[in-house]
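Coordinates in review
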Amino acid sequence: MAHLGLIGIGVMGSAFALNLAEEGHDVSLLDRSADKMAEVVQDGQDQGLKGTLIACADAETFVKSLPKPRSILVLVPSGGPLDSVINMLKPLLDKDDLIADLGNSNYTDTEKRVADLENTGLLFLGMGISGGADGARHGPSIMAGGSRKSWARVKGPLQDSAAKYEGDPCCDWFGPGGSGHFIKMLHNGIEYADMQLIAEAYGLMSNGLGMNAAEIGKVFKGWMDGPLNSYLIEIAAEVALATDPKTGAAMLDIILDKAGQKGTGRWSVIEALHLGAPASMMAAAVEARNISADIETRLQMDAAFGPSPQAISTSKTDALVALEKAMIAAKVCAYAQGFEVLARASDTFDWDLNMAAIARVWRAGCIIRSVFLDEIADVFDGSGAKHLMLAPVFQAHMKTNAPALQNIVVMGLSNGHSVPAFTAALNYHNMRRTGRSTANMIQGLRDYFGAHTFERVDALGEKVNGPWHD
Ligand code: 6PG
């Protein structure tokens, strides 16, 4: 059994400390709040956990309490707070001691931290951890990046504490530098797209079909019996079915329509753009959150332009059948975009990412877990398909469900609904499946105004100019 250090006893940190202790590992704790540490130690004792939790009064005591070479997990907010912890630890640590960041750090910062610390003889791992507080306590999904040597140090205790899918730990190492945090960032990008689709489906049902929150909750619940079975649909049902203890109203009718965000969705879009990979669904989700946040302007425009969205006249039964199918097709598109970005990053940064292994660690514990991920893992493991949608199983999903996606987009847009993620999914699918695109016009225009050249269809590889300016 291991003896690890853990700094940052917030909601995630305390839950993860208890999880490690449950697995029989000892954990030295360090936090600014002695009360919080005492509480966690007490919780560990009350729960009769096998490992011992040790509250440390200061950094020196904390470091001395750990066996060498030391392994220290840090769960503090990314950026400044993490750098302060690293700077505090650096002078106290010895060669080969390891610091592992389990926060949502930007992968470029992780790249720098790995390089800087390894220059001083210390080891650094950047690890994405998903699953919220409940996941941290009972089994999160963990995506690690850094040196193999660093990973070997903490692999055992982390895999013990991770979620299991049919016995396999949802915790793996994927490559050097910031690769683990890059994968976690993309996990969140997909999470944003999935959540936006759920919000759009909710909007179509409530504003378009006149359904109340409880009815909508039942629809989401029903979707759990089909291919949409996933954690986010499960909790969408619970959120829609919940009532406000104060007023008795549906919780959804009480929650202010102003979405928060901490940055990982936006980073995913920015990185995808840098890499030249498609991320239109994530971009739609980030933009919808941005626009939602400015309630005042929305209310002014609502008054200026009149009521929108309007009721949908299609029969409720038909619309709901189409909506479930549209969700399936759009969800496939969200995963396909996510894996396209990952593949591009892997090539660009020479990370040699194992796409099947990524899908495998997302099968349990994390926020985007869904039945699709097992199928995705099989596709990347076995078929050699270059693109998710070229694999027969996903071709079949799209052939069956893309027509409904088109119907839902048309139904939504023609009745004034905002369906940016559904629309982005449909456009992505249409563009990806179009053999002869309209980019010939772009090339003609570029060549006309800037002599940027183009290739002729009858002489590929040759850069030529058009006859525009004789
Ligand atoms: C997870 C979540 C987690 C967190 C996000 C939410 O995988 O457990 O993604 O990382 O809930 O930070 O991000 P936003 O606040 O940006 O929605």
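Please read all numbers here as calculations on a predicted model, not as lab measurements. (Residues numbered from 1 in each chain as written. Predicted model: local features only at pLDDT ≥ 70, side-chain atom pairs only at ≥ 80, totals over all residues. Heavy atoms only, no water.)

Quick look at a nonpolar patch on the surface now. Together, Met441, Leu445, Tyr448, Phe449 and Trp468 make up a nonpolar patch on the protein surface, roughly 590 Å² of accessible area in all. Residue placement: Leu445 occurs in helix α20 (residues 439-450). (Patch = residues over 30% accessible without salt bridge, like charges linked within 9 Å, V, L, I, M, F, W, Y side chains within 5 Å. Areas by Shrake-Rupley, 256 points an atom, 1.4 Å probe, with all protein chains shown as cover. Salt bridge = Lys/Arg side-chain N within 4 Å of Asp/Glu carboxyl O. Helix = DSSP H or I, 4+ residues; strand = E, 2+ residues; numbered from the N terminus.)

The next thing to look at is the site of the ligand. Near the ligand, the surroundings consist of 14 residues, among which Ser130, Lys184, Glu191, Tyr192 and Lys262 are the closest. At 3.3 Å, a backbone N or O of Gly132 approaches an oxygen atom of the ligand. Here Lys184 contributes a side-chain N or O atom positioned 2.8 Å from an oxygen atom of the ligand. The fraction of the free accessible surface of the ligand (420 Å²) that becomes covered by protein chains is 80%. In terms of residue count, helix α8 (residues 179-208) provides more of the shell around the ligand than any other element does, five residues in total. Residues that form the shell around the ligand fall into these classes: two nonpolar, eight polar and four charged. Two domains each provide a minimum of three residues to the shell around the ligand, namely domain 1 (3-177) and domain 2 (185-432). (Near = heavy atom within 4 Å. Polar contact = N/O pair within 3.5 Å; in protein donor to acceptor, adjacent residues only side chain to side chain. Nonpolar A, V, L, I, M, F, W, Y, C, P; charged D, E, K, R; others polar. Domains from an automatic or database assignment.)

Bringing the pairing of strand β10 (residues 171-175) into the picture now. Burial of β10 is extensive: four of the five residues sit out of reach of the surface. Note: strand β7 (residues 141-146) against β10, four bridges, orientation parallel. The residue of β10 that forms the bridge with Gly145 is Gly175. (Buried < 20%, exposed > 50% of the residue type's maximum accessible area, 1.4 Å probe, protein only. Pairing = 2+ DSSP bridges.)

Time to look at the packing of aromatic side chains. Per the stated rule, a full pass over the model turns up 13 aromatic pairs. For the pair Tyr107 and Phe182, a centre-to-centre distance of 4.9 Å together with 85° between the ring planes defines the contact as edge-to-face. Of this pair, Tyr107 sits in helix α5 (residues 107-119) while Phe182 sits in helix α8, placing them 75 residues apart in sequence. We classify Tyr107 as buried; its relative accessible area is 6%. With 5.9 Å between their ring centres and 50° between their planes, Tyr448 and Trp468 make a pair best called tilted. Here Tyr448 is found in helix α20, whereas its partner Trp468 is found in the segment after β12 (459-464), with 20 residues between them in sequence. (Phe/Tyr/Trp six-rings, centres within 6.5 Å; stacked < 30°, edge-to-face > 60°.)

When its domains are assigned, the chain resolves into domain 1 (3-177), domain 2 (185-432) and domain 3 (439-469). Each of domain 2 and domain 3 has a C-alpha centre, and the two are 38 Å apart.

An α-helical segment advances 3.6 residues per turn. Residues three or four places apart therefore align on the same side. For helix α15 (residues 316-349), which comprises 34 residues, the first-to-last C-alpha distance of 48 Å matches the rise-based estimate of 50 Å (1.5 Å per residue) to within 8%. The first or second residue beyond α15 is Asp350, which carries a positive phi of 60°. (Expected span 1.5 Å × (residues − 1).)

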